[in-house]
Amino acid sequence: MNVLFVMDPLDKINVSGYSTYMLMLEACRRGWNVAYCTPDQLYVLQGEAFGAVSFCVVSPKEPFFQVDPVKELSLGTFDIVWMRKDPPFNMDYIFSTYMLDLVPKKTMVLNDPLSIRNANEKMFALQFPQFCPPTMVTREIERARRFAKEQETKVVIKPWDGNGGRGVLVSHYDDPNFRSMLEILTEEEKNYILVQRYIPEVVQGDKRIILVDGEAVGWMLRVPQPGDHRGNMHVGAKVAPFELSDRDKEICAVLRPVLKKLGLLFVGIDIIGQYLTEINVTSPTGIREINPMMNVEIEKMITDAVLLRYSTRRE
């Protein structure tokens, strides 16, 4: 098997918490030919997607990557192409999915680039309103203030395209700084934001559940640091084990057929208390943290699922 990972530069990643590294390592363990490139190394010629790619050998110990010289190759050379560039989900990211649309059909692209474009982390979750906290999406300051007043509790405000806890604020309608926060986040009503009822259970932790081809295979609780409300590992949240609740299982069961249909094979969903807050499809993470905690090898489950889907497509 020849597999390409479209990802962040190797010198920018921290293998101790990088799920893409685990997928690359597993591919090498199976004797596959592994290559990588960054999104800015993709290009299109005569309707065909190409990349300036480097084959590499991935190891469990330093040096983690032994990289060969760059080659100019059609992406059709590969059996599998993984889109694993970390957010932000901006126009550069979206444009790279347009180029991946031009990969020949015999090559399997994961997650499906069309579905990545359509399934923005925060907006995709709102397609399942029965599981979401009361939420408004707007760029109008007065509309956001009216919604916050109706909640009679604290609210969370955050940019629609944020990641890693960036720009996530907790406030309330009577906060004298609330209007100023809205002005900053919307950039004076130019950008959309989400205004969401605050979920008190966030202090106990933000659940991350990894779904592989729609099946829950691993999960962890990300507990915010004292004095912080964000359950993101990027800002220091600590991980802990937990047991799936009936509500968690119900959410996973409803999402399962939708994710399978959309070709979203590797997904990470976020649940706070009883509420679904995000469906991460661009570059979900958590493998390194969940594996030792649950005594599992999620990278093997993902690779097995890839092989099964690949063989099914070729029949």
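Below, the structure is looked at part by part. This structure is a prediction, so every number in the text was calculated from the model and none was measured. (Residues numbered from 1 in each chain as written. Predicted model: local features only at pLDDT ≥ 70, side-chain atom pairs only at ≥ 80, totals over all residues. Heavy atoms only, no water.)

If you tally the helices and strands in the protein, you get nine helices and 16 strands. For the protein, the C-alpha radius of gyration of 20 Å lies close to 20 Å, the compact-globule estimate for 315 residues. The buried share of the protein, reckoned over its 315 residues, is 53%. Expressed as a percentage of contacts within the protein between residues at least 6 apart in sequence, the contacts between residues at least 24 apart total 66%. Summed over all atoms, the accessible surface of the protein reaches about 14700 Å², with 51% contributed by carbon and sulfur. Within the protein, one finds 37 positive and 41 negative side-chain charges whose respective centroids are separated by 2 Å. (Helix = DSSP H or I, 4+ residues; strand = E, 2+ residues; numbered from the N terminus. Rg over C-alpha atoms; globule rule 2.2 N^0.38 Å. Buried < 20%, exposed > 50% of the residue type's maximum accessible area, 1.4 Å probe, protein only. Contact = heavy atoms within 4.5 Å. Areas by Shrake-Rupley, 256 points an atom, 1.4 Å probe, with all protein chains shown as cover. Lys, Arg positive; Asp, Glu negative; His and termini not counted. Charge placed at Lys NZ, Arg CZ, Asp CG, Glu CD.)

A complete count under the given rule lists eight aromatic pairs for this structure. Ring centres 6.5 Å apart and planes at 90° place the aromatic pair Trp82 and Phe266 in the edge-to-face group. Placement of Trp82 in strand S6 (residues 80-83) and of Phe266 in strand S15 (residues 266-272) is noted, with a sequence separation of 184 residues between them. Each of the two residues, Trp82 as well as Phe266, counts as buried. Centre to centre, the rings of Phe95 and Tyr98 are 5.9 Å apart; their planes meet at 90°, and the pair counts as edge-to-face. Of the two residues, Phe95 and Tyr98 are both situated in helix H2 (residues 91-100); the distance of three residues between them amounts to about one turn of the helix. On the basis of relative accessibility, which here comes to 47%, the residue Phe95 falls in the partly exposed class. Given the relative accessible area of 40%, Tyr98 is considered partly exposed. (Phe/Tyr/Trp six-rings, centres within 6.5 Å; stacked < 30°, edge-to-face > 60°.)

This next bit is on the side chain of Gln151. Assignment of secondary structure puts Gln151 in helix H5 (residues 141-151). For Gln151, a relative accessible area of 10% gives the class buried. Those residues within four positions of Gln151 in sequence are excluded, and the remaining contacts are Pro134 and Arg197.

With that settled, the discussion passes to the pattern of salt bridges. Taken as a whole and judged by the stated rule, the model has 18 salt bridges. The partner of Lys260 in a salt bridge is Asp213, with the nearest N and O atoms 3.2 Å apart. In this pair, Lys260 sits in helix H7 (residues 246-262) while Asp213 sits in the loop between strand S12 (206-212) and strand S13 (215-223), placing the two residues 47 residues apart along the sequence. The shortest N-O distance in the salt bridge between Lys300 and Glu297 comes to 3.2 Å. Residue classification places Glu297 among the partly exposed residues on the basis of a relative accessible area of 40%. Bridged by salt links that share partners, the residues Glu26, Arg29, Arg30, Glu299 and Asp304 form one connected network. (Salt bridge = Lys/Arg side-chain N within 4 Å of Asp/Glu carboxyl O.)

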